[in-house]
Amino acid sequence: MKGRRARGNRNLSLYRNREAFQLFQEHSTHLRRECEQAQEKRQAARRGKPRKTGKGQVAVHAVKVSPRDPLLDYKRPRLVELLHEARAERDEAKRQLRTERVEVEQRAQAERAELEQRYHKLLQEHMHCGVTIAKLEAQVAEYLAFMERFRSALQREEHG
């Protein structure tokens, strides 16, 4: 059980280190044999007869490495450093966002207070205009009543 675990961990460490993994793939006898057998099968299928390879032949196999996250190439201390930097940037962004929100809220409250002041001022002007209109209407009614009395008096003098 321990042998399997150790071998599995070694394979994982090879996978994390891209250069080591590529070297392993190029020089692995197991992978070389698999690729040579596959190549022989392809050639035999083309030509119709099997063909053997020599021992001194250069490895023609190249197993393609699937694209993977470049962060897997970093060592743990570098990853921890990057994590701390990212957290610091996130915290700074949060602080800036809170500051901006507070500033926006303060501006909104100031605008609201200004609008309320303008509203009260306009309301007072409107009420003052209403009072003035009522006074003028009273004066017009008094003037019309005076004019009516004056006309009546004038007509009485003329007729009589």
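As a convention, each chain's residues are numbered from 1 in the sequence order in which they are written. Reporting of local features is limited, given that this is a predicted model, to residues whose pLDDT is at least 70; pairs of side-chain atoms are given and counted only at 80 or more, and all residues count toward the totals for whole chains, interfaces and linings. The side-chain values count all of the structure's non-hydrogen atoms but skip hydrogen atoms and water molecules.

1. Observations regarding the overall build of the protein chain
Consideration 1: Strands here mean DSSP runs of E at least two residues long; helices mean DSSP runs of H or I at least four residues long; both are numbered from the N terminus. A tally of helices and strands in the protein chain yields four helices and zero strands.
Consideration 2: Listing the helices and strands of the protein chain from first to last along the sequence gives α-α-α-α.
Consideration 3: The buried share of the protein chain, taken over its 160 residues, is 5%.
Consideration 4: Any two residues having at least one pair of non-hydrogen atoms within 4.5 Å are treated as being in contact. For the protein chain, the proportion of contacts with a sequence separation of at least 24, taken over those separated by at least 6, is 56%.
Consideration 5: Only the protein chains shown count as cover for residues, and the accessible areas themselves come from Shrake-Rupley with a 1.4 Å probe. Carbon and sulfur atoms form 55% of the exposed surface of the protein chain, whose accessible area is close to 15,000 Å². The cut-offs for exposure are 20% and 50% of the maximum accessible area for each residue type, with area from a 1.4 Å probe on protein chains only; residues under the lower value are buried, those over the upper are exposed, and the others partly exposed.

2. Examining a nonpolar patch on the surface
Consideration 1: On the surface, a cluster of nonpolar side chains totalling about 600 Å² of accessible area is made up of Val140, Tyr143, Leu144, Phe146, Phe150 and Leu154.
Consideration 2: Tracing the chain through its elements places Leu144 in helix 4 (residues 76-159). Each patch is assembled from residues with relative accessible area greater than 30% and no salt bridge, linking like charges that lie within 9 Å and nonpolar side chains (Val, Leu, Ile, Met, Phe, Trp, Tyr) that lie within 5 Å. By definition here, a salt bridge exists when the distance from a side-chain nitrogen of Lys or Arg to a carboxyl oxygen of Asp or Glu is within 4 Å.

3. Here we look at the pattern of salt bridges
Consideration 1: Tallying each qualifying case throughout the model produces four salt bridges.
Consideration 2: Arg95 is paired through a salt bridge with Glu92; the nearest N and O atoms lie 3.2 Å apart. Of this pair, Arg95 and Glu92 both sit in helix 4, three residues apart, which is roughly one turn of that helix.
Consideration 3: Judged by its relative accessible area of 44%, Arg95 falls in the partly exposed class.
Consideration 4: Given a relative accessible area of 35%, Glu92 falls into the partly exposed group.

4. Some remarks on the layout of surface pockets
Consideration 1: Site definitions follow a grid-based scheme: protein atoms alone, a 1 Å grid, a 1.4 Å probe that fits but cannot get out for cavities, and for pockets an open set with protein on both sides within 12 Å along at least five of seven lines, plus lining residues having an atom within 4 Å of a point. Grid points are joined across faces, edges and corners, and a volume is the space filled by probe spheres set on the points. Here the largest pocket defines a volume of roughly 250 Å³.
Consideration 2: Looking at the largest pocket, it is lined by 10 residues, and the ones nearest its centre are Arg16, Leu72, Tyr74, Lys75 and Arg76.
Consideration 3: Contributions of two or more residues to the lining of the largest pocket are made by helix 1 (2-16) and helix 4.
Consideration 4: Under this grouping Gly is polar, as are all residues other than the nonpolar Ala, Val, Leu, Ile, Met, Phe, Trp, Tyr, Cys and Pro and the charged Asp, Glu, Lys and Arg. Residues that form the lining of the largest pocket fall into these classes: four nonpolar, two polar and four charged.

5. Let's talk about the packing of aromatic side chains
Two aromatic rings, taken as a pair, are described by how far apart their centres are and by the angle between their planes.
Consideration 1: In summary, the pairing rule links any two rings of Phe, Tyr or Trp, Trp by its six-membered ring, whose centres are within 6.5 Å, and it sorts them by plane angle into stacked for under 30 degrees, edge-to-face for over 60 and tilted for everything else. Tallying each qualifying case throughout the model produces one aromatic pair.
Consideration 2: Look at Phe146 and Phe150: their rings are 6.2 Å apart centre to centre, the planes differ by 20°, and that puts the pair in the stacked class. Of this pair, Phe146 and Phe150 both sit in helix 4, four residues apart, which is roughly one turn of that helix.
Consideration 3: Sitting above the plane of the Tyr74 ring, Arg78 keeps its charged end 5.8 Å from the centroid. Charge over a ring is defined by NZ of Lys or CZ of Arg lying within 6 Å of the ring centre and within 35 degrees of the ring normal.

6. Observations regarding the confidence of the model for the protein chain
Consideration 1: What pLDDT reports is the predictor's confidence in each residue, on a scale of 0 through 100. Of all residues in the protein chain, 78% attain a pLDDT of 70 or more, and the chain-wide mean is 82.
Consideration 2: pLDDT under 50 marks residues 1-7. Its contacts with residues more than four places away, or in other chains, come to zero contacts.

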